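Chain and residue survey
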Amino acid sequence: MNISLTGPEWTFANNDWVKGLIRIKDKYLSGTDLLSDFRDVVSESVFEKKLTDANGLFSVVVHSGNETWAAVDHLRNYPLYYSFINSEYHLTDDYNYLAEKITGLELDPIAVQCFLSSGFTLNNTTIFRNLYQIEAGELVVFKNSVVRRLYCSYELNDVSHNGLNESVNNLTELLHQVFSNHFKSLSGRFFVIPLSGGYDSRLVAAMCSLYHKSNVLCITYGSENNREVKPAGEIS
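Residues numbered from 1 in each chain as written. Predicted model: local features only at pLDDT ≥ 70, side-chain atom pairs only at ≥ 80, totals over all residues. Heavy atoms only, no water.

1. A word on the packing of aromatic side chains
Using the following cut-off: Aromatic rings from Phe, Tyr and Trp, with only the six-membered ring used for Trp, were paired whenever their centres fell within 6.5 Å, and each pair was classed as stacked if the ring planes differed by under 30 degrees, edge-to-face if by over 60, and tilted otherwise. Put simply, DSSP H or I for four residues or longer makes a helix, DSSP E for two residues or longer makes a strand, and each gets a number counted from the N terminus. Throughout, exposure labels follow a simple rule: accessible area from a 1.4 Å probe, protein chains only, divided by the maximum for the residue type, with under 20% read as buried, over 50% as exposed, and the rest as partly exposed.
This model, assessed by the stated rule, comprises 12 aromatic pairs. Measuring from centroid to centroid gives 5.1 Å for Y81 and Y95, while their planes differ by 75 degrees, and the two rings are edge-to-face. Taken together, the residues span a long stretch of sequence, with Y81 in strand 7 (residues 81–85) and Y95 in helix 3 (residues 95–101) at a distance of 14 residues. Take Y81 and Y95: they sit in the same class, and that class is buried.

2. So, the environment of T92
To keep it simple, the criterion reads: Residue contacts are defined here by distance: any two heavy atoms, one from each residue, within 4.5 Å place the two residues in contact. Polar contact criterion, stated in full: a pair of N or O atoms within 3.5 Å, where within protein one must be able to donate a hydrogen and the other to accept it, and residues adjacent in sequence count only if both atoms are side-chain atoms.
Tracing the backbone shows T92 in strand 8 (residues 88–92). Residues T92 and L186 lie 94 residues apart in sequence; the distance between their C-alpha atoms is 27 Å. In this structure T92 touches S4, L5, P79, L80, Y81, Y97 and L98, once residues within four positions along its chain are discounted. There is a polar contact of 2.7 Å between the side chain of T92 and the backbone oxygen of S4. Here the side chain of T92 touches D94 through a polar contact of 3.0 Å, landing on its backbone nitrogen.

3. Regarding unusual backbone geometry
A negative phi angle characterises most non-glycine residues, just as the trans form characterises most peptide bonds. Positive phi outside glycine occurs at N86, with the angle close to 50 degrees. In this fold, N86 is placed in the loop between strand 7 and strand 8.

4. Considering the layout of surface pockets
In plain terms, the rule: Only protein atoms enter the calculation, which uses a 1 Å grid: trapped sets of points that fit a 1.4 Å probe without letting it out are cavities, open sets showing protein on both sides within 12 Å along at least five of seven lines are pockets, and any residue with an atom within 4 Å of a point is a lining residue. Grid points are joined across faces, edges and corners, and a volume is the space filled by probe spheres set on the points. Residues are grouped as follows: Ala, Val, Leu, Ile, Met, Phe, Trp, Tyr, Cys and Pro are nonpolar; Asp, Glu, Lys and Arg are charged; all remaining types, including Gly, are polar.
Considered as a void within the structure, the largest pocket measures approximately 1000 Å³ in volume. Every residue lining the largest pocket is counted, 36 residues in all, and those nearest its centre are L21, G56, L57, H182 and S185. Broken down by secondary-structure element, the contributors of at least two residues to the lining of the largest pocket are strand 3 (16–24), strand 4 (27–30), helix 2 (44–53), strand 5 (56–64) and helix 5 (164–186). Among the elements that take part in the lining of the largest pocket, helix 5 stands out by supplying 10 residues, more than any other. Its residues assigned to classes, the lining of the largest pocket shows 19 nonpolar, 12 polar and five charged. In terms of residue class, the lining of the second largest pocket is built from six nonpolar, six polar and two charged.

Right under this line is the structure:
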C-alpha cells in the first residue's frame, strides 16, 4: 500500500493519518488529539462505529496489520483518491499526483458526460478510468481487494408528521444548534461570508450576528448594477 498525503494540516504517526476536527459532546478534537482518538480502534467494526458517531469535518487513514482503512466525512471536505498501479494500491489527497502515475491515462466518457451535465461524477468515479475517489460518508478497506461501504447516508428511514408550529420550532432549534457548534469550532478565527440577496447567505449572516459577531467580512461580487448588490449591502 502506497500512501501519499501531502496537503496541509495532516497529523500522522505510525502509518495513521488524520485531518480536520470532530466534536464529541462539547469538546473538539483535532491534530494529535484526533489522531489518538482513532488510533485506539482494534477492528474494522469499531472503526466504522467511530465514523458513524463522528460529528465533524475530517479525513482519516488507519493502517491495521495487512489492511488500510480510509474514510472521509459526510460532506467529503478533504477528498481522498485511489488507484491500483503496478500491483499496488495508491492512496492520496493529490488528484494530479495520482493521474501522473497511471500509464496510458484515459478519460471515462460516461463520467465526462455526467460531469459536463451536472458538475459531478457518479459514485466513486472520476473523469479518468481507474482513478477513483472516496465518496462522502464512505469507508474504504484496502486489503487483497477494495471493499467499499457507506457508513453515513442521507436516505430517510423515518418521516415525521408534526404540525406546522412544531416543525418550525424543531427546525429553529436545529439551526441554532448547528450554527452555534460550527462557530464555536472556529475559535474566533476570521470568517468571510459571500453575501447575496438570497436566503441562504442571509441565514448565515443572521446566525453570524448571534454567534460570531467580530472578525467577520461580508463580500459580494458581480457588476455594479447587479440586482443582488443592493440587498447584500443592506443585509451586511
